[in-house]
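# An overview of the molecular structure
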Amino acid sequence: MAWFDRFAAIDWSGAKGKRHKGIAIAWCERGNGPPMLIERGRSWSRTDVLNWIRQIATGTPRTLIAADFSFAPPFAERGAYLPGVDAPDTAADFWAFVDDHATDEDLGASSFLHAAFPDHFYFGAADGRKADYLFWRQCEHRFNEQGGGKSSTVYDAIGAGQVAKASFAGMRVLHHLNGAIPVWPFDFAENPAAAHDSSGSVLCEMYARAFIQLSGSRRGLKLRSAAALNAALAALGSKPVKGSNLDDHQTDVLVTAAGLRAIADDPRYWSPPGLTPKIARTEGWTFGVA
């Protein structure tokens, strides 16, 4: 039986400021219609996205929403998020901890890294060996083992590919949602598959590369043309999108929305190997990594 009626993907940003060109949202309905961008007159803020999720969570149709940031830092590898710091040991409490120690506008988190706990993040050569900061979640190890390529870690805060600021900003949003929508797998730790059968919308973590690879694309980590995007969409059972001049943020959410629709009824993705109750409560999992 099919349970979700709509599928939405959010590309995220940890940049400073109130408006972020890096944020994009797309969704699609059940069936094979093309995914569509949710257009705005101005760029999204993180607070806008928070309010949008709240609105979707309380309405119909039932929506599976995925956001492109790490919902928690690694925990299993070291038994703590920030070893040596008196910090919580479950994700939901840690989200509140991040929010308490971050002072940036629009739910940003740069201050959490740079001011509150700089010793735990790699900012450059002055910090010593980068390898000493590299730790991954169990879902990231699983993705790498499947040929996904090396995932970024939230402790690496340097360079264009870093995900640290975006992820900790996202954790602030998860805290401010305050239970408005259940978050997979954290709120379903004892039985992650129950999220598929629950009565309302669900929020989960996404990684666009996983859906690009699921489509069989051989064009690398990004879909940089309308032709490449539509080929990937076709492989995921979706009709093509119209238009061109799409940026990477937009193609990421378009392919992910279609990818969510393609796999949402497959039980393998709701109960992946390695997702124990403890992992579900502490570091979570990326939906689409089986």
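Residues numbered from 1 in each chain as written. Predicted model: local features only at pLDDT ≥ 70, side-chain atom pairs only at ≥ 80, totals over all residues. Heavy atoms only, no water.

All right, on to helix H1 (residues 46-57) then. With twelve residues, H1 extends 17 Å from end C-alpha to end C-alpha; this agrees with the ideal 16 Å at 1.5 Å per step. Inspection of H1 places Arg 46, Asp 48, Val 49, Leu 50, Trp 52, Ile 53, Ile 56 and Ala 57 among the buried residues, and these make up the whole buried set. In this fold, the buried residues of H1 make contact with strand E1 (6-11), strand E2 (24-29), strand E4 (63-67) and helix H5 (164-177). (Helix = DSSP H or I, 4+ residues; strand = E, 2+ residues; numbered from the N terminus. Expected span 1.5 Å × (residues − 1). Buried < 20%, exposed > 50% of the residue type's maximum accessible area, 1.4 Å probe, protein only. Contact = heavy atoms within 4.5 Å.)

If you walk through the whole model with that rule in mind, you get 28 aromatic pairs. Consider the rings of Phe 94 and Phe 112, whose centres lie 6.3 Å apart with planes at 90°: the pair is edge-to-face. A residue pair is termed long-range when its members are at least 10 positions apart, and Phe 94 in helix H2 (residues 91-101) and Phe 112 in helix H3 (residues 110-116) qualify at 18 residues. An aromatic cluster is present here, built from Phe 75, Tyr 81, Phe 94, Phe 97, Phe 112, Phe 117, Phe 121, Phe 123, Phe 135, Tyr 155 and Phe 168 joined pairwise through their rings. Directly above the aromatic system of Trp 44 lies the positively charged group of Arg 40, at a separation of 4.4 Å from the ring centroid. We note Arg 62 situated over the ring of Phe 4; from NZ or CZ to the ring centre the distance is 3.9 Å. (Phe/Tyr/Trp six-rings, centres within 6.5 Å; stacked < 30°, edge-to-face > 60°. Lys NZ or Arg CZ within 6 Å of the ring centre and 35° of its normal.)

Here we come to the sheet that holds E4. Across a sheet, paired strands are connected by hydrogen bonds in the backbone, their directions being either parallel or antiparallel. The sheet built from five strands is open, its strands ordered E3-E2-E1-E4-E5 with mixed pairing. Looking at strand neighbours, the two that pair on one side only are strand E3 (36-37) and strand E5 (202-205), the edges of this open sheet. Bridge analysis of E1 against E4 gives five bridges, and the strand direction is parallel. Its bridge partner lying in E4, Phe 7 is registered against Leu 64. Packing against the sheet, H1 makes contact with E1, E2 and E4, and its axis sits at approximately 170° to E1. Along the sheet face, helix H9 (residues 248-263) touches E1, E2, E3 and E4 and points at about 30° away from the line of E2. (Pairing = 2+ DSSP bridges. Axes fitted to C-alpha atoms, helices over the stretch in contact; angles between N-to-C directions.)

Purely spatial values, then, with no claim about function.
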